[in-house]
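Fold and contact review
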Amino acid sequence: MMISTKGRYALRIMSYLAEHNDCGPVSLKDISQNENIGIKYLEIIVSSLTKAGLLESVRGKNGGYQLNRKVEDYSLYDILSASEDTLAPVACVDKRECESADSCKTFRVWKELDDTIEEFLKGKTLKDIL
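The following paragraphs examine the structure supplied in this document. Residue positions are given per chain, counting from 1 as you read along its sequence in written order. This being a predicted model, a pLDDT of at least 70 is required before a residue's local features are given, and a value of 80 or more before pairs of side-chain atoms are given or counted; all residues contribute to the totals for chains, interfaces and linings. Side-chain measures were taken over the full set of non-hydrogen atoms in the model, leaving aside hydrogen atoms and water.

**Here's the deal with the overall build of the protein chain**
Test applied: Segments assigned H or I by DSSP are reported as helices when at least four residues long, segments assigned E as strands when at least two residues long, and all are numbered from the N terminus. Remark: exposure states derive from per-residue accessible area (1.4 Å probe, protein chains only) relative to the maximum for the residue type, with buried under 20%, exposed over 50%, and partly exposed in between.
A count of helical and extended segments in the protein chain gives 7 helices and 2 strands. Along its sequence from the N terminus, the protein chain presents helices and strands in the succession α-α-α-β-β-α-α-α-α. Referenced to the eigenvectors of the C-alpha coordinate spread, the extents of the protein chain come out at roughly 60 × 30 × 20 Å. Put simply, the protein chain has 130 residues, and 37% of those count as buried.

Here it is in structure tokens:
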């Protein structure tokens, strides 16, 4: 499993918003400047996070983005799932369409690894990062 730049940036964005949670909405410009992430790429990532229900968008002069729940209520699994295509270590575990899954000697190992990754990421929150 390889976490992409998009996933790593999503964690950085969410961490930044968590640090500034008491300041109201944070503009993309502010996030971009402080996290050194290009605005266009930032827009794509924030859109994914918003669609997943992890962020609230506030319009207007003092608008921006903010968390919509407590910091400890955001698992790293939720954040990475919203920004990554898959978190599975191998395709057969992700798609669950492998014709050989029942007879494959290695499938059980990959499934166990997938479950371990998911359990680990669900057990870690934004609060742990801060």
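That was the structure; now back to the text.
**Considering the side chain of Ser-15**
Applicable threshold: Residues count as neighbours in contact if any of their non-hydrogen atoms are within 4.5 Å of one another.
Within the fold, Ser-15 resides in helix α1 (residues 5–19). Judged by its relative accessible area of 11%, Ser-15 is buried. Setting aside anything within four residues of it in sequence, one finds Ser-15 in contact with Leu-126, Ile-129 and Leu-130.

**Details of helix α2 (residues 28–35)**
One turn of the α-helix equals 3.6 residues, which is why residues spaced by three or four share an orientation. The criterion, for reference: Here the arc refers to the set of directions running from the helix axis out to each C-beta atom.
The complete set of buried residues in α2 reads Leu-28, Ile-31, Ser-32 and Glu-35. Down the axis of α2, the buried side of the element spans an arc of 100 degrees, and every buried residue falls inside it. Along α2, exposed side chains directed more than 90 degrees from the buried face belong to Lys-29 and Gln-33. Positioned one or two residues after α2, Asn-36 has a phi angle of 55 degrees, which is positive.

**Description of the pattern of salt bridges**
To keep things clear, this is the line we draw: By definition here, a salt bridge exists when the distance from a side-chain nitrogen of Lys or Arg to a carboxyl oxygen of Asp or Glu is within 4 Å.
By the definition in use, this model includes 3 salt bridges. With a shortest N-O distance of 3.0 Å, Arg-12 and Glu-35 are connected by a salt bridge. Of this pair, Arg-12 sits in helix α1 while Glu-35 is found in helix α2, placing the two residues 23 residues apart along the sequence. Residue Arg-12 is classed as partly exposed on the basis of its relative accessible area of 31%. The salt bridge partner of Glu-118 is Lys-122, with a shortest N-O separation of 2.7 Å. In this pair, Glu-118 and Lys-122 both sit in helix α6 (residues 107–122), 4 residues apart, roughly one turn of the helix. In this structure Glu-118 comes out as partly exposed when scored by relative accessible area, which is 23%. Residue classification places Lys-122 among the partly exposed positions, given a relative accessible area of 45%.

**Things to note about the environment of Gln-66**
Within the fold, Gln-66 resides in strand β2 (residues 64–67). Look past the residues within four positions of Gln-66 in its chain and what remains in contact with it is Gly-24, Pro-25, Leu-55, Glu-56 and Val-58.

**Remarks on the side chain of Ser-32**
Here Ser-32 lies in helix α2. Its relative accessible area of 13% is what places Ser-32 among the buried residues. Not counting chain neighbours up to four residues away, the residues in contact with Ser-32 comprise Ile-37, Gly-38, Ile-39 and Leu-42.

**Observations regarding helix α4 (residues 76–83)**
What α4 keeps buried is the set Leu-76, Ile-79, Leu-80, Ala-82 and Ser-83. Buried residues along α4 cover an arc of 160 degrees about the axis, so they all sit on one side. In the core, the buried residues of α4 are packed alongside α1, α3 (39–51), α6 and α7 (126–129).

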